[in-house]
Amino acid sequence: MEPEILQKLLESVAAGDVSPSSALDKLKHFDFEQVGDFAKIDHHRTLRTGFPEVIWGPGKTPDQIVDIIEAMRGRNSAVMATRIEPEVFEQLQQKIPDLCYYQKARICAISAANSPTPQHPGTVTIISAGTADLSVAEEAAVTAELCGFQVRRLWDVGVAGIHRLLSNRHVIADADVLIAVAGMEGALASVVAGLADCPVIAVPTSVGYGASFGGIAPLLTMLNSCAAGVGVVNIDNGFGAAILACQILRTAGRVGRMKEGENGTEGE
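Everything numeric here is computed off the predicted structure, so don't read it as measured data. (Residues numbered from 1 in each chain as written. Predicted model: local features only at pLDDT ≥ 70, side-chain atom pairs only at ≥ 80, totals over all residues. Heavy atoms only, no water.)

1. So, unusual backbone geometry
Of all residues except glycine, most have a negative phi; of all peptide bonds, most are trans. The phi dihedral of R83 is positive, around 55 degrees, even though this residue is not glycine. Counting through the fold element by element, R83 comes out in the loop between β4 (78–82) and α5 (86–95). Even without being a glycine, M184 presents a positive backbone phi close to 50 degrees. Residue position: M184 is located in the loop between β9 (177–182) and α9 (188–193). (Helix = DSSP H or I, 4+ residues; strand = E, 2+ residues; numbered from the N terminus.)

2. A closer look at the pairing of strand β7 (residues 123–128)
By the criterion of burial, β7 is predominantly enclosed, with 6 of the 6 residues buried. Neither face of β7 is exposed, since T123, T125 and I127 on one face and V124, I126 and S128 on the opposite face are all buried. Taken together, β7, helix α6 (residues 134–146) and strand β8 (residues 150–154) form a β-α-β motif whose crossover is right-handed. Looking at chain direction, β7 and β9 are connected through 5 bridges and run parallel. By the bridge assignment for β9, V124 is matched with V177. (Buried < 20%, exposed > 50% of the residue type's maximum accessible area, 1.4 Å probe, protein only. Right-handed = clockwise from strand over helix to strand, strands pointing away. Pairing = 2+ DSSP bridges.)

3. Concerning the packing of helix α4 (residues 62–72) against α5
Interhelical geometry of α4 versus α5 gives an angle of 50 degrees and a closest axis separation of 10 Å. Judged on the interaxial angle alone, α5 and α4 are oblique. For the pair α4 and α5, the crossing hand works out as right-handed. The segment α4 lies against α5, with P62, D63, I65, V66 and E70 engaging V88, Q91, L92 and K95. (Axes fitted to C-alpha atoms, helices over the stretch in contact; angles between N-to-C directions. Parallel < 35°, antiparallel > 145°, perpendicular 65-115°, else oblique. Left-handed = near helix turned anticlockwise from the far one by under 90°. Contact = heavy atoms within 4.5 Å.)

4. Quick look at the sheet that holds strand β5 (residues 100–102)
The 4 strands lie next to each other as β3-β4-β6-β5, forming an open sheet whose pairing is mixed. Edge positions in the open sheet fall to β3 (55–56) and β5, since each of these has one partner strand only. In the sheet, β4 pairs with strand β6 (residues 107–111) via 4 bridges, with the strands oriented antiparallel. Residue pairing in the sheet places A78 in a bridge with S111 of β6. Running at roughly 10 degrees to β6, α6 makes contact with β4, β5 and β6 of the sheet.

5. Side note on the packing of aromatic side chains
Counted by the stated rule, this structure contains 1 aromatic pair. Relative to Y101, the ring of F89 has its centre 4.5 Å away and its plane inclined at 10 degrees; by these criteria the two rings are stacked. Residue F89 is located in helix α5, and its partner Y101 is located in strand β5; the two are separated by 12 residues in the primary sequence. You'll find F89 and Y101 in the same group, each marked buried. (Phe/Tyr/Trp six-rings, centres within 6.5 Å; stacked < 30°, edge-to-face > 60°.)

See the structure below:
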């Protein structure tokens, strides 16, 4: 349950528009809700962390995913499932007709709006090295958008043709937080961090020849970056990178509001 929804519910009870028994019914699964014998939905997560629980698709049957989505919808501004293949989505859509699918990102979602609009200040800028990295980059982009943040994309600007990246230095300069997605040797994150004045989140991908060891080579390159200000997430973890980027922007916004409040108090 999102803070705004809880606040509205409590105000409705105070105003007499909702009875205490009705409110109790809405709150009885406040912490978590049992779904069948296979899942416990954490409805409380948005209040704790700022973001709702997200469904990990692999390893679940389509019926299980459907049941979890139905249990979560209505309690969050967006319900999303990651790593959903097209054939699985077709089965899901038969039972949930309003389910949206972002094929490049392999994400399906039910959103309060057909086109998510930014609800929070700041921009998450995502840069990918090559076209083969797009599934991971799009996972990050769509996740951030569904979380209510503005996203800027810059694709296929790897270091093998570094002039492509350098001709877009203004994109790096305008970013509030950067996500650099790269496979092969993973040098893009270091180059970007050497040009940026904001946090850089590096995402190694499993793209590459045999010696890349399924993403281990770019992971080690990013961990050993000589550029300061680089944080690294796991191989192919576009989702995790997006959530981290959004948390950075949320924290920056909270700190900014606190400082504005302090300045306002001082001026009174």
